[in-house]
Amino acid sequence: MKVEDNSSTTLLTMVYANLNASLHKHLLQDLDVLASSISEPWIIGGDYNAALYNWERKGGAVNILGGCRLFKNWFDHFNLIDLGFTGSLYTWKRGNLIKRLDRFIRNDLWVSNPIYLQFNIQKVSKSEPKAFRFLAAWLGDKAFPELVKNIWSEPDTFSNSIQKFTGVVKDWNFKEFGNIFKKKNSLLARLGEIQKALDMHHSQNLRDREKHLRIELDKVLFQEELFWFQKSRTEWITDGDRNTAFYHKNVSHMRRMNNIKVLKNEYGEIVEDQTLLKGMARDYFQKLY
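Parameters at a glance
Residues numbered from 1 in each chain as written. Predicted model: local features only at pLDDT ≥ 70, side-chain atom pairs only at ≥ 80, totals over all residues. Heavy atoms only, no water. Helix = DSSP H or I, 4+ residues; strand = E, 2+ residues; numbered from the N terminus. Buried < 20%, exposed > 50% of the residue type's maximum accessible area, 1.4 Å probe, protein only. Lys, Arg positive; Asp, Glu negative; His and termini not counted. Salt bridge = Lys/Arg side-chain N within 4 Å of Asp/Glu carboxyl O. Polar contact = N/O pair within 3.5 Å; in protein donor to acceptor, adjacent residues only side chain to side chain. Contact = heavy atoms within 4.5 Å. Arc of directions from axis to C-beta. Pairing = 2+ DSSP bridges.

(A) Expanded view of unusual backbone geometry. The backbone of Asn 49 shows a phi angle near 55°, a positive value even though the residue is not glycine. The residue Asn 49 is located in the loop between strand E3 (42-47) and strand E4 (57-58) in this model. Of note, the phi angle at Asn 79 is positive, near 50°, even though the residue is not glycine.

(B) Inspection of the side chain of Arg 106 at higher detail. Structurally, Arg 106 can be placed in strand E8 (residues 102-106). Among buried charged residues, Arg 106 stands out as having no salt bridge; its nearest opposite-charge side chain is Asp 108, 6.7 Å away. A distance of 3.0 Å separates a polar atom in the side chain of Arg 106 from the backbone oxygen of Trp 110. Setting aside anything within four residues of it in sequence, one finds Arg 106 in contact with Trp 42, Ile 43, Leu 80, Ile 81 and Leu 83.

(C) Up close: helix H2 (residues 69-77). If you check which residues of H2 are buried, you get Phe 71, Trp 74 and Phe 75. Down the axis of H2, the smallest arc covering the buried residues is 100°, so these residues share one side. For H2, the exposed residues set more than 90 degrees away from the buried face come down to Arg 69 and His 77. Elements in contact with the buried residues of H2: helix H1 (21-37), E3, strand E5 (81-82) and E8. Where H2 ends, the next residue or the one after it, Asn 79, has phi of about 50°, a positive value.

(D) Expanded view of the sheet that holds strand E7 (residues 97-99). An order of E4-E7-E6 is seen for the three strands of this open sheet, with the pairing classed as antiparallel. Since the sheet does not close on itself, it has two edges, and those belong to E4 and strand E6 (92-94), each with one partner. Two elements, E6 and E7, share three bridges in a ladder whose sense is antiparallel. Bridge pairing links Lys 93 to Ile 98 in E7.

What follows is the structure, encoded as structure tokens:
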């Protein structure tokens, strides 16, 4: 994105890195090419899915370095500068492992001028009512199975049950389930306030509240993941059925993605050797069954 005013131009790039180690490596290669081509003030930020320094990782397996070597090499090679942060140092948590994976950085051409972005989105009004669609995210709510059970346990015709199910679920979605994105933003804001307070003083009450909010956030993030998975699959099926070339291209891509090239072992180490990967897969299923 290019941000312009009367006297200067700033380039803005947003990043959301993949969890897959191989795809993450390709991202850094793309960023390397991009950084080499830029000769203007540049800001790049988002979720890199990698810590820059060892001290940005706490907990988890012992003897595992926190910083990502490839990410650090790219950062140092182009003399990039971290813009810092406010609030909690760590931006990601799983179990007792916490990391800083999100950040904004800049090149040495950018000066500390504030940037204000305003996006004008024109809404297109539709006179036709929206068709009812089942949301996979509902499966992440413990109340939903009981709601379905109650609707379908009452004796009625199939068409009447479908109509009743549609009405009741729409009402439940609006009044109780709500907007998962608004819930996520609200939980993140509340967690941010608690973390700021904890930086000032220790409080067991605040710790308990933080733990409760993180449980709620994990549930909402799971619902969001289901939502985007369903959306991407729906678009893939629709486009694929209408366009043969597109369909075959995506099938080939999925076949390539089904090949396991990298795994992380129980110590958090990345394993790429095919012989070791086979052994890890065999041991996993032997323990499972």
